[in-house]
Amino acid sequence: MNDEPNKAPTDFQKLTLLLAEKRTAHTTLRSGIALCAFSMTVISFILLKGSKISCNLEGVIFTILGSGSIIMLIFGIYFIRRGFTRMQFHDTLINQILYTNQEASALFYHTRKRNNVHPNRTGMHHEVVFHFDKGNIELDMAIRNIENYFGELSNQKFTVYFVVTGPGIKLLVKENPHAQRLTELTNLGLQIKVCRNAMRDFQIEPDRVLPTVKIISSGLLEIIDLQHKGYAYIKL
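Because the structure is predicted, anything quoted here is derived from the model rather than measured.

Colleague: Residue-level account of the confidence of the model for the chain, with values.
Modeller: Model confidence for the chain is summarised by a mean pLDDT of 77, while 79% of its residues fall at 70 or above. Predicted confidence is poor over residues 110–123, with pLDDT under 50, and the contacts of this stretch with residues over four places away or in other chains come to 12 contacts.

What follows is the structure in structure tokens.
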């Protein structure tokens with residue numbers, strides 16, 4: 001029996017659940033910001049008035065307020081970190097579904113009416129940014145995935161970025177055995193960008209990287225910018 005007709009409803013259900021969880025994470029983030037702002041206000045007030053305490057009772061009250069505000073600040077920082085992390089996690093899963101399900105992607109982008117997507121794009125678009133920060137074995141799998149991507153869309157026009165951060169930078173040197181395959185992919189249109197911060201951290205000189213690679217100041221900021229422009233995000 002062919003189970004293909006059940007795929008789209010399953011993806012739509014997952015997408016709906018992920019969007020709801022992302023909204024919850026966004027609420028957590030906003031709650032953390034509110035807690036931090038309020039606690040910092042109270043702490044500032046205590047520091048301002050602390051030198052004018054005239055009796056032990058006021059000192060006890062200010063101590064209790066200060067302790068409570070510090071605890072509130074810690075919770076606020078925790079909520080901000082958790083909310084931001086969960087939003088990133090859900091964004092990754094949402095992009096994976098939109099990447100594999102054309103119908104869901106078309107409906108999602110049409111419903112959101114994203115103004116940052118090029119107006120000439122209708123329905124499914126294939127602009128994507130691949131993010132890589134792992135080792136040599138993973139690089140071989142990543143290259144194969146990108147080769148398959150170009151192979152499946154050989155008759156279409158699209159833009160693909162391969163942004164490399166962290167230890168992955170060590171694999172884009174000229175002497176790496178995958179250099180030839182990466183060069184062939186750039187001839188097909190792949191745009192490889194590497195993080196200057198990672199190069200500095202792993203002591204990789206610019207003349208060691210592949211000549212087809214473009215060095216950028218921050219790989220993560222580049223990824224965020226491309227996502228704002230409507231590029232799908234795929235972590236390899």
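Colleague: Could you give me a rundown of the sheet that holds strand β2 (residues 160–164), with the residues and numbers involved?
Modeller: Pairing is parallel across the open sheet formed by five strands, whose spatial order is β4-β3-β2-β1-β5. Among the strands making up the open sheet, the edge pair consists of β4 (214–216) and β5 (232–235). Each adjacent strand pair in this sheet contributes to an overall mean axis angle of 25 degrees, direction not counted. Pairing of β2 with strand β3 (residues 191–195), which is carried by four bridges, proceeds in the parallel orientation. Bridge pairing links Phe162 to Ile192 in β3.

Colleague: Talk me through the nonpolar core; I want residue IDs and the actual numbers.
Modeller: Residues Phe130, Phe132, Ile146, Val160, Phe162, Leu190 and Leu236 are the most contacted members of the largest nonpolar core, which totals 34 residues. When neighbours within four sequence positions are excluded, Leu236 is seen to be in contact with Phe130, His131, Phe132, Lys134, Ala142, Asn145, Ile146 and Phe162. Ranked by size, the runner-up nonpolar core spans seven residues in total, among them Tyr161, Leu226, Tyr231 and Tyr233.

Colleague: Break down the pattern of salt bridges for me, citing the residues and quoting the values.
Modeller: Tallied over the entire structure, the rule returns eight salt bridges. One salt bridge connects Asp133 with Lys235, and the closest N-O pair in it is separated by 3.6 Å. With Asp133 in the loop between β1 (128–132) and α4 (136–152) and Lys235 in strand β5, this pair connects stretches of sequence that are 102 residues apart. By relative accessible area, which is 23% here, Asp133 ends up partly exposed. Given a relative accessible area of 32%, Lys235 falls into the partly exposed group. For the salt bridge of Arg181 with Glu147, the shortest nitrogen-to-oxygen distance reads 3.1 Å. With a gap of 34 residues between them, Arg181 in helix α5 (residues 179–188) and Glu147 in helix α4 connect regions that are remote in the sequence. Where salt bridges share partners, they join Asp140, Arg144, Glu147 and Arg181 into one cluster.

Colleague: Describe the pairing of β3, naming the residues involved and giving the relevant values.
Modeller: Burial analysis of β3 places four of its five residues in the buried class, the great majority of the element. Where the polypeptide runs from β2 across α5 and back to β3, its parallel neighbour, the crossover connection is right-handed. As paired strands, β3 and β4 are joined by three bridges and run parallel to one another. If you follow Lys193 over to β4, its bridge partner there is Lys214.

Colleague: Just give me the short version of α4, but keep the residues and values in it.
Modeller: In an α-helix there are 3.6 residues to a turn, and that puts residues three or four apart on one side. Here α4 is 17 residues long and its end C-alpha atoms lie 25 Å apart, about the 24 Å a rise of 1.5 Å per residue gives. Those residues of α4 that sit buried are Leu139, Ala142, Ile143, Ile146, Tyr149 and Phe150. For α4, the angular spread of buried residues about the axis comes to 120 degrees, placing them on one side. Among the exposed residues of α4, those pointing more than 90 degrees away from its buried face are Ile137 and Glu152.

Colleague: Can you tell me about the packing of aromatic side chains, naming the residues and giving the values?
Modeller: Under the defined criterion, the tally for this structure stands at seven aromatic pairs. Taking 5.8 Å as the distance between ring centres and 55 degrees as the angle between the ring planes, the aromatic pair formed by Tyr78 and Phe79 counts as tilted. According to the relative accessible area criterion, Tyr78 is partly exposed, its value standing at 46%. Taken together, Phe130, Tyr149, Phe150 and Phe158 form an aromatic cluster joined through their ring pairs.

Colleague: Explain α5 to me, and be specific about the residues and the numbers.
Modeller: Of all the residues in α5, the buried ones are Ala179, Leu182, Leu185 and Thr186. The arc that holds the buried residues of α5, viewed along the axis, is 125 degrees, so those residues lie on one side. Exposed side chains of α5 directed beyond 90 degrees from the buried face belong to Gln180, Asn187 and Leu188. For α5, the elements touching its buried residues are α4, β2 and β3. Of the residues one or two after α5, Gly189 is the one with positive phi, at around 130 degrees.

Parameters at a glance
- Residues numbered from 1 in each chain as written.
- Predicted model: local features only at pLDDT ≥ 70, side-chain atom pairs only at ≥ 80, totals over all residues.
- Heavy atoms only, no water.
- pLDDT = per-residue confidence, 0-100.
- Contact = heavy atoms within 4.5 Å.
- Pairing = 2+ DSSP bridges.
- Helix = DSSP H or I, 4+ residues; strand = E, 2+ residues; numbered from the N terminus.
- Axes fitted to C-alpha atoms, helices over the stretch in contact; angles between N-to-C directions.
- Core = buried A, V, L, I, M, F, W, Y, C linked by side-chain atoms within 4.5 Å.
- Buried < 20%, exposed > 50% of the residue type's maximum accessible area, 1.4 Å probe, protein only.
- Salt bridge = Lys/Arg side-chain N within 4 Å of Asp/Glu carboxyl O.
- Right-handed = clockwise from strand over helix to strand, strands pointing away.
- Expected span 1.5 Å × (residues − 1).
- Arc of directions from axis to C-beta.
- Phe/Tyr/Trp six-rings, centres within 6.5 Å; stacked < 30°, edge-to-face > 60°.

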